[in-house]
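Below, each chain spelled out in residue letters.
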Amino acid sequence: MNQRKRVFSGIQPSGRLHIGNYVGAMQNMISLQEEYECVYGIVDYHAMTVRFDPAKMQESIFDCAVDYIAAGIDPEKSILMIQSTVSEHTELAWILNTITPISWLLRVPTFKEKRQQNPDYANMGLLDYPVLMAADIMLYKAEVVPVGDDQLPHLELTREIVRRFNSLFRPTFPEPQAKLGPVSRILGLDGVNKMSKSLDNCIYLDDKREDIWRKLSTAVTDVRRKRRTDPGNPDECNIFTMHKAFSKPDDIAYCARECRTAGIGCLDCKKILLENMCCDLEQIQGRSEQLRNNREHVLHVLAQGRRRAKEIAARTMDEVYAELGIKVYH
Ligand code: SF4
(Lines give C-alpha, C1' and ligand atoms only; values in the text may rest on other atoms or scores of the structure.)
Protein backbone atom coordinates (compact mmCIF):
# COMPACT_ATOMS: atom_id res chain seq x y z
CA MET A 1 0.00 0.00 0.00
CA ASN A 2 1.28 3.45 -0.96
CA GLN A 3 1.78 5.52 2.19
CA ARG A 4 3.23 8.59 0.53
CA LYS A 5 1.16 11.76 0.56
CA ARG A 6 -0.16 12.73 -2.83
CA VAL A 7 0.69 15.92 -4.71
CA PHE A 8 -1.28 17.42 -7.57
CA SER A 9 -0.09 20.18 -9.84
CA GLY A 10 -1.48 21.46 -13.11
CA ILE A 11 0.68 22.44 -16.06
CA GLN A 12 -0.72 24.83 -18.66
CA PRO A 13 0.08 23.84 -22.26
CA SER A 14 0.83 27.42 -23.14
CA GLY A 15 3.77 27.24 -25.54
CA ARG A 16 7.47 27.81 -25.02
CA LEU A 17 8.65 27.61 -21.45
CA HIS A 18 11.12 30.09 -20.01
CA ILE A 19 13.60 29.82 -17.16
CA GLY A 20 11.13 31.61 -14.86
CA ASN A 21 8.77 28.63 -15.31
CA TYR A 22 11.66 26.23 -14.82
CA VAL A 23 12.96 27.76 -11.61
CA GLY A 24 9.62 28.89 -10.20
CA ALA A 25 7.58 25.76 -10.73
CA MET A 26 9.30 22.90 -12.54
CA GLN A 27 12.28 22.50 -10.20
CA ASN A 28 9.90 22.36 -7.27
CA MET A 29 7.76 19.73 -8.99
CA ILE A 30 10.82 17.68 -9.88
CA SER A 31 12.15 17.70 -6.31
CA LEU A 32 8.77 16.65 -4.86
CA GLN A 33 8.87 13.39 -6.81
CA GLU A 34 11.29 11.85 -4.33
CA GLU A 35 9.06 12.31 -1.30
CA TYR A 36 5.49 12.28 -2.63
CA GLU A 37 3.28 10.42 -5.04
CA CYS A 38 2.90 13.14 -7.64
CA VAL A 39 0.13 13.55 -10.19
CA TYR A 40 0.99 16.16 -12.80
CA GLY A 41 -1.80 17.12 -15.16
CA ILE A 42 -1.43 18.99 -18.44
CA VAL A 43 -4.50 21.11 -17.86
CA ASP A 44 -5.88 21.69 -21.33
CA TYR A 45 -9.38 22.55 -20.07
CA HIS A 46 -7.88 25.43 -18.11
CA ALA A 47 -6.05 26.62 -21.22
CA MET A 48 -9.43 27.06 -22.93
CA THR A 49 -10.56 29.82 -20.59
CA VAL A 50 -8.56 32.35 -22.62
CA ARG A 51 -8.43 32.69 -26.39
CA PHE A 52 -6.61 29.75 -27.95
CA ASP A 53 -5.96 28.30 -31.37
CA PRO A 54 -7.52 24.81 -31.66
CA ALA A 55 -5.19 24.02 -34.57
CA LYS A 56 -2.22 24.40 -32.23
CA MET A 57 -3.65 22.79 -29.10
CA GLN A 58 -2.62 19.23 -29.89
CA GLU A 59 1.01 20.13 -30.51
CA SER A 60 1.10 22.45 -27.48
CA ILE A 61 0.02 19.53 -25.29
CA PHE A 62 2.66 17.28 -26.82
CA ASP A 63 5.36 19.96 -26.45
CA CYS A 64 4.35 20.48 -22.85
CA ALA A 65 4.75 16.78 -22.10
CA VAL A 66 8.16 16.77 -23.82
CA ASP A 67 9.34 19.84 -21.90
CA TYR A 68 8.38 18.42 -18.54
CA ILE A 69 9.85 14.98 -19.12
CA ALA A 70 13.04 16.55 -20.50
CA ALA A 71 13.30 18.87 -17.50
CA GLY A 72 13.08 15.97 -15.07
CA ILE A 73 9.52 14.78 -14.47
CA ASP A 74 10.12 11.05 -14.28
CA PRO A 75 7.15 8.99 -15.54
CA GLU A 76 8.39 6.05 -13.46
CA LYS A 77 7.96 8.09 -10.30
CA SER A 78 5.12 10.46 -11.19
CA ILE A 79 1.87 10.32 -13.09
CA LEU A 80 1.93 12.64 -16.09
CA MET A 81 -1.43 12.87 -17.82
CA ILE A 82 -3.68 15.13 -19.86
CA GLN A 83 -6.63 16.57 -17.92
CA SER A 84 -9.18 16.17 -20.75
CA THR A 85 -8.44 12.43 -21.03
CA VAL A 86 -9.66 11.88 -17.45
CA SER A 87 -13.28 12.99 -17.72
CA GLU A 88 -13.78 12.76 -13.96
CA HIS A 89 -12.12 16.20 -13.66
CA THR A 90 -15.07 17.98 -15.27
CA GLU A 91 -17.58 15.64 -13.68
CA LEU A 92 -16.34 16.45 -10.19
CA ALA A 93 -16.09 20.15 -11.12
CA TRP A 94 -19.81 20.16 -11.93
CA ILE A 95 -20.64 18.56 -8.60
CA LEU A 96 -18.49 21.10 -6.78
CA ASN A 97 -20.19 23.91 -8.72
CA THR A 98 -23.42 22.94 -7.04
CA ILE A 99 -21.98 23.54 -3.56
CA THR A 100 -19.83 26.62 -4.29
CA PRO A 101 -21.41 30.04 -3.67
CA ILE A 102 -20.97 32.45 -6.59
CA SER A 103 -19.71 35.09 -4.16
CA TRP A 104 -16.62 32.96 -3.42
CA LEU A 105 -15.69 33.01 -7.11
CA LEU A 106 -16.37 36.69 -7.67
CA ARG A 107 -13.80 37.65 -5.05
CA VAL A 108 -10.90 35.67 -6.64
CA PRO A 109 -8.38 38.35 -7.74
CA THR A 110 -7.28 36.63 -10.97
CA PHE A 111 -10.85 36.66 -12.30
CA LYS A 112 -11.05 40.41 -11.87
CA GLU A 113 -7.65 40.88 -13.52
CA LYS A 114 -8.37 38.59 -16.47
CA ARG A 115 -11.78 40.13 -17.01
CA GLN A 116 -10.15 43.55 -17.22
CA GLN A 117 -7.46 42.27 -19.59
CA ASN A 118 -10.00 40.52 -21.86
CA PRO A 119 -13.28 42.43 -21.50
CA ASP A 120 -14.69 40.83 -24.67
CA TYR A 121 -13.79 37.31 -23.56
CA ALA A 122 -14.95 37.17 -19.94
CA ASN A 123 -16.41 33.69 -20.22
CA MET A 124 -18.02 31.48 -17.61
CA GLY A 125 -14.95 29.19 -17.59
CA LEU A 126 -12.80 32.07 -16.42
CA LEU A 127 -15.07 32.59 -13.43
CA ASP A 128 -15.33 28.87 -12.77
CA TYR A 129 -11.62 28.13 -13.23
CA PRO A 130 -10.95 27.82 -9.46
CA VAL A 131 -13.70 25.19 -9.11
CA LEU A 132 -12.11 23.09 -11.84
CA MET A 133 -8.80 23.57 -10.08
CA ALA A 134 -10.41 22.36 -6.84
CA ALA A 135 -11.74 19.31 -8.71
CA ASP A 136 -8.25 18.61 -10.14
CA ILE A 137 -6.81 18.51 -6.64
CA MET A 138 -9.68 16.78 -4.86
CA LEU A 139 -10.06 14.05 -7.48
CA TYR A 140 -6.69 12.67 -6.38
CA LYS A 141 -7.24 13.53 -2.70
CA ALA A 142 -4.00 15.48 -2.95
CA GLU A 143 -2.69 16.69 0.39
CA VAL A 144 0.06 18.90 -0.99
CA VAL A 145 -0.07 21.40 -3.84
CA PRO A 146 3.05 23.19 -5.08
CA VAL A 147 2.09 26.82 -5.74
CA GLY A 148 3.53 30.24 -6.31
CA ASP A 149 2.31 32.90 -3.89
CA ASP A 150 0.01 34.28 -6.63
CA GLN A 151 -1.87 30.95 -6.55
CA LEU A 152 -2.55 30.99 -2.81
CA PRO A 153 -6.06 32.52 -3.12
CA HIS A 154 -7.04 29.68 -5.50
CA LEU A 155 -5.78 27.06 -3.11
CA GLU A 156 -7.57 28.72 -0.22
CA LEU A 157 -10.77 28.47 -2.24
CA THR A 158 -10.10 24.75 -2.79
CA ARG A 159 -9.71 24.34 0.96
CA GLU A 160 -13.03 26.12 1.52
CA ILE A 161 -14.75 23.89 -1.03
CA VAL A 162 -13.25 20.81 0.68
CA ARG A 163 -14.56 21.97 4.05
CA ARG A 164 -17.99 22.65 2.58
CA PHE A 165 -18.18 19.23 0.91
CA ASN A 166 -16.97 17.49 4.08
CA SER A 167 -19.53 19.31 6.21
CA LEU A 168 -22.48 18.85 3.83
CA PHE A 169 -21.68 15.18 3.31
CA ARG A 170 -19.40 12.64 4.95
CA PRO A 171 -15.77 13.83 5.38
CA THR A 172 -14.28 12.61 2.12
CA PHE A 173 -11.45 14.92 1.11
CA PRO A 174 -8.25 16.08 2.85
CA GLU A 175 -7.61 19.83 3.04
CA PRO A 176 -4.61 20.36 0.76
CA GLN A 177 -1.63 22.30 2.04
CA ALA A 178 0.36 24.77 -0.07
CA LYS A 179 3.97 23.96 -0.80
CA LEU A 180 5.58 27.23 -1.75
CA GLY A 181 8.35 27.18 -4.31
CA PRO A 182 11.74 28.83 -3.95
CA VAL A 183 11.56 32.25 -2.31
CA SER A 184 13.74 34.06 -4.79
CA ARG A 185 11.93 34.23 -8.10
CA ILE A 186 13.73 35.04 -11.30
CA LEU A 187 12.52 38.32 -12.73
CA GLY A 188 12.54 39.22 -16.40
CA LEU A 189 15.65 40.56 -18.12
CA ASP A 190 14.45 44.07 -17.26
CA GLY A 191 15.05 43.18 -13.61
CA VAL A 192 11.68 44.64 -12.61
CA ASN A 193 8.80 42.59 -13.99
CA LYS A 194 7.94 38.94 -13.73
CA MET A 195 9.48 36.93 -16.56
CA SER A 196 6.73 36.80 -19.14
CA LYS A 197 6.35 36.06 -22.83
CA SER A 198 4.06 39.02 -23.35
CA LEU A 199 6.71 41.38 -21.93
CA ASP A 200 9.42 39.87 -24.15
CA ASN A 201 11.83 39.67 -21.22
CA CYS A 202 12.50 35.92 -21.15
CA ILE A 203 15.26 33.40 -21.63
CA TYR A 204 13.55 30.31 -23.06
CA LEU A 205 14.44 26.74 -22.21
CA ASP A 206 15.16 26.11 -25.89
CA ASP A 207 17.28 29.24 -26.43
CA LYS A 208 20.72 28.52 -27.85
CA ARG A 209 23.95 29.80 -26.31
CA GLU A 210 24.22 32.83 -28.68
CA ASP A 211 20.65 33.90 -27.86
CA ILE A 212 21.21 33.44 -24.14
CA TRP A 213 24.36 35.56 -24.25
CA ARG A 214 22.70 38.27 -26.32
CA LYS A 215 19.95 38.47 -23.69
CA LEU A 216 22.17 38.16 -20.63
CA SER A 217 24.72 40.69 -21.80
CA THR A 218 22.13 43.47 -21.82
CA ALA A 219 20.12 42.28 -18.80
CA VAL A 220 19.67 44.72 -15.93
CA THR A 221 21.88 44.19 -12.87
CA ASP A 222 22.13 46.02 -9.53
CA VAL A 223 21.14 49.47 -10.77
CA ARG A 224 23.37 51.21 -8.25
CA ARG A 225 26.46 49.63 -9.82
CA LYS A 226 26.98 52.26 -12.47
CA ARG A 227 30.74 51.81 -13.10
CA ARG A 228 32.99 48.76 -13.15
CA THR A 229 34.73 50.08 -10.02
CA ASP A 230 31.50 50.44 -7.99
CA PRO A 231 30.91 47.62 -5.50
CA GLY A 232 27.56 45.93 -6.06
CA ASN A 233 24.99 44.17 -3.94
CA PRO A 234 24.22 40.68 -5.26
CA ASP A 235 21.06 40.53 -3.18
CA GLU A 236 19.69 43.40 -5.29
CA CYS A 237 20.60 41.79 -8.59
CA ASN A 238 18.45 39.52 -10.75
CA ILE A 239 21.56 38.05 -12.38
CA PHE A 240 22.65 36.82 -8.98
CA THR A 241 19.20 35.25 -8.45
CA MET A 242 19.81 33.38 -11.69
CA HIS A 243 23.21 32.29 -10.38
CA LYS A 244 21.50 30.81 -7.33
CA ALA A 245 19.23 28.79 -9.61
CA PHE A 246 21.85 27.57 -12.09
CA SER A 247 25.42 27.97 -10.88
CA LYS A 248 27.71 25.72 -8.88
CA PRO A 249 28.13 26.71 -5.20
CA ASP A 250 31.76 27.81 -5.73
CA ASP A 251 30.75 30.10 -8.59
CA ILE A 252 27.91 31.58 -6.54
CA ALA A 253 30.22 32.31 -3.61
CA TYR A 254 32.90 33.75 -5.92
CA CYS A 255 30.47 36.08 -7.73
CA ALA A 256 28.91 37.30 -4.49
CA ARG A 257 32.30 38.09 -2.97
CA GLU A 258 33.81 39.70 -6.07
CA CYS A 259 30.65 41.72 -6.74
CA ARG A 260 30.74 43.24 -3.28
CA THR A 261 34.41 44.22 -3.65
CA ALA A 262 34.16 45.23 -7.33
CA GLY A 263 36.65 42.46 -8.06
CA ILE A 264 34.72 41.48 -11.19
CA GLY A 265 32.54 43.41 -13.57
CA CYS A 266 28.99 42.50 -14.44
CA LEU A 267 29.97 41.06 -17.82
CA ASP A 268 32.48 38.70 -16.13
CA CYS A 269 29.76 37.67 -13.72
CA LYS A 270 27.31 37.08 -16.56
CA LYS A 271 29.85 34.95 -18.48
CA ILE A 272 30.13 32.63 -15.47
CA LEU A 273 26.35 32.46 -15.34
CA LEU A 274 26.21 31.74 -19.07
CA GLU A 275 28.41 28.66 -18.68
CA ASN A 276 26.35 27.26 -15.82
CA MET A 277 23.01 28.04 -17.43
CA CYS A 278 24.04 26.51 -20.78
CA CYS A 279 25.22 23.39 -18.99
CA ASP A 280 21.70 22.86 -17.56
CA LEU A 281 19.71 24.02 -20.56
CA GLU A 282 21.78 22.10 -23.12
CA GLN A 283 21.06 18.89 -21.20
CA ILE A 284 17.33 19.63 -21.23
CA GLN A 285 17.48 20.54 -24.92
CA GLY A 286 19.30 17.28 -25.73
CA ARG A 287 16.66 15.23 -23.91
CA SER A 288 13.87 17.21 -25.62
CA GLU A 289 15.30 16.41 -29.02
CA GLN A 290 15.49 12.71 -28.20
CA LEU A 291 11.88 12.74 -27.00
CA ARG A 292 10.64 14.58 -30.08
CA ASN A 293 12.31 11.92 -32.19
CA ASN A 294 10.57 9.25 -30.13
CA ARG A 295 6.97 10.41 -30.27
CA GLU A 296 5.72 6.91 -29.51
CA HIS A 297 7.46 6.94 -26.16
CA VAL A 298 5.89 10.27 -25.13
CA LEU A 299 2.43 9.05 -26.17
CA HIS A 300 3.01 5.85 -24.21
CA VAL A 301 3.93 7.88 -21.10
CA LEU A 302 0.70 9.90 -21.45
CA ALA A 303 -1.40 6.77 -21.97
CA GLN A 304 0.14 5.15 -18.89
CA GLY A 305 -0.44 8.35 -16.95
CA ARG A 306 -4.06 8.42 -18.01
CA ARG A 307 -4.57 4.81 -16.94
CA ARG A 308 -3.02 5.38 -13.51
CA ALA A 309 -4.88 8.66 -13.00
CA LYS A 310 -8.19 7.07 -14.02
CA GLU A 311 -7.78 4.35 -11.40
CA ILE A 312 -7.45 6.91 -8.61
CA ALA A 313 -10.16 9.17 -10.06
CA ALA A 314 -12.67 6.32 -10.38
CA ARG A 315 -12.17 5.32 -6.73
CA THR A 316 -12.77 8.90 -5.59
CA MET A 317 -15.83 9.32 -7.78
CA ASP A 318 -17.37 6.09 -6.47
CA GLU A 319 -17.21 7.59 -2.98
CA VAL A 320 -18.69 10.86 -4.23
CA TYR A 321 -21.56 9.16 -6.06
CA ALA A 322 -22.36 7.15 -2.95
CA GLU A 323 -22.39 10.30 -0.82
CA LEU A 324 -24.68 12.15 -3.22
CA GLY A 325 -26.93 9.22 -4.04
CA ILE A 326 -26.31 9.54 -7.76
CA LYS A 327 -25.31 6.99 -10.43
CA VAL A 328 -27.22 4.42 -8.42
CA TYR A 329 -29.27 2.99 -11.26
CA HIS A 330 -27.17 2.08 -14.27
FE1 SF4 B 1 24.93 41.50 -10.41
FE2 SF4 B 1 27.08 40.06 -10.85
FE3 SF4 B 1 27.00 42.65 -11.51
FE4 SF4 B 1 27.06 41.93 -8.97
S5 SF4 B 1 28.67 41.55 -10.49
S6 SF4 B 1 25.71 43.49 -9.85
S7 SF4 B 1 25.84 40.04 -8.98
S8 SF4 B 1 25.79 41.01 -12.39
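Attention here is on the structure that accompanies the text. (Residues numbered from 1 in each chain as written. Predicted model: local features only at pLDDT ≥ 70, side-chain atom pairs only at ≥ 80, totals over all residues. Heavy atoms only, no water.)

1. Considering empty space enclosed by the protein
Heads up, the condition is: Cavities and pockets were defined on a 1 Å grid built from protein atoms only: a cavity is a group of points that admits a 1.4 Å probe but offers it no way out, a pocket is an open group of points flanked by protein on both sides within 12 Å along at least five of seven lines, and a lining residue is one with an atom within 4 Å of any such point. Grid points are joined across faces, edges and corners, and a volume is the space filled by probe spheres set on the points. The numbering of helices and of strands both runs from the N terminus, where a helix is a DSSP run of H or I of at least 4 residues and a strand a run of E of at least 2. Residues are sorted three ways: Asp, Glu, Lys and Arg are charged, Ala, Val, Leu, Ile, Met, Phe, Trp, Tyr, Cys and Pro are nonpolar, and all the rest, Gly among them, are polar.
Taken as a whole, this structure holds two cavities of 30 Å³ or more when the rule is applied. Roughly 120 Å³ of internal volume is contained in the largest cavity. What lines the largest cavity is a set of 14 residues, among which Arg225, Cys237, Cys259, Cys266 and Cys269 lie closest to the centre. Mapped onto the lining of the largest cavity, the elements with two or more residues apiece are helix H10 (238–246), helix H11 (249–260) and helix H12 (266–292). The leading source of residues in the lining of the largest cavity is H12, at three residues. Along the walls of the second largest cavity sit Gln12, Pro13, Ser14, Gly15, Leu17, Ser60, Asp63, Cys64 and Asp67, which together make up its complete lining. Within the lining of the second largest cavity, the residues separate by chemical class into three nonpolar, four polar and two charged.

2. What about the pairing of strand S2 (residues 37–42)?
For a regular strand, the rule is simple: side chains alternate between the two faces of the sheet. Counted only if it meets this: Residue exposure (1.4 Å probe, protein chains only): buried if accessible area is under 20% of the type maximum, exposed if over 50%, otherwise partly exposed. Only strands joined by at least two bridges in the DSSP assignment are considered to pair.
Buried residues dominate S2, accounting for six of its six residues. The two faces of S2 match: Glu37, Val39 and Gly41 on one face and Cys38, Tyr40 and Ile42 on the other face are all buried. In terms of strand pairing, strand S1 (residues 6–11) meets S2 through six bridges, oriented parallel. For Gly10, the partnering residue across the bridge sits in S2 and is Gly41.

3. Some words on the packing of aromatic side chains
For the record, the criterion: Centres within 6.5 Å are what make two rings of Phe, Tyr or Trp a pair, Trp counting through its six-membered ring; a difference in plane orientation under 30 degrees is then read as stacked, over 60 as edge-to-face, and the rest as tilted. Over a ring means this: the NZ of a Lys or the CZ of an Arg is within 6 Å of the ring centre and within 35 degrees of the ring normal.
Scanning all chains against the criterion turns up four aromatic pairs. Note on Phe165 and Phe173: the rings are 5.1 Å apart at their centroids and 75° apart in plane angle, and the pair reads as edge-to-face. There is no split in this pair, since Phe165 and Phe173 are both buried. Pairwise contacts between aromatic rings join Phe165, Phe169 and Phe173 into one cluster. One residue, Arg295, lies across the ring of Phe62, its end atom 4.0 Å from the ring centre.

4. Some remarks on the packing of helix H9 (residues 209–217) against H12
Using the following cut-off: Note on geometry: axes are C-alpha line fits, over the in-contact stretch for helices, and angles between N-to-C directions span 0 to 180 degrees. If you view the pair so one helix is near and one far, a crossing is left-handed when the near helix is turned anticlockwise from the far one by less than a right angle, and right-handed when it is turned clockwise. Should any heavy atoms of two residues lie within 4.5 Å, those residues are counted as being in contact.
One way to put it is that H9 packs onto H12 with a least axis distance of 10 Å and a crossing angle of 145°. Taken as a pair, H9 and H12 cross one another with a handedness that is right-handed. Contacts between H9 and H12 involve Arg209, Ile212, Trp213, Leu216 and Ser217 from the former and Leu267, Lys270, Lys271, Leu273, Leu274, Glu275, Met277, Cys278, Leu281 and Glu282 from the latter. Residue classes in the contact of H9 with H12 are distributed as nine nonpolar, one polar and five charged.

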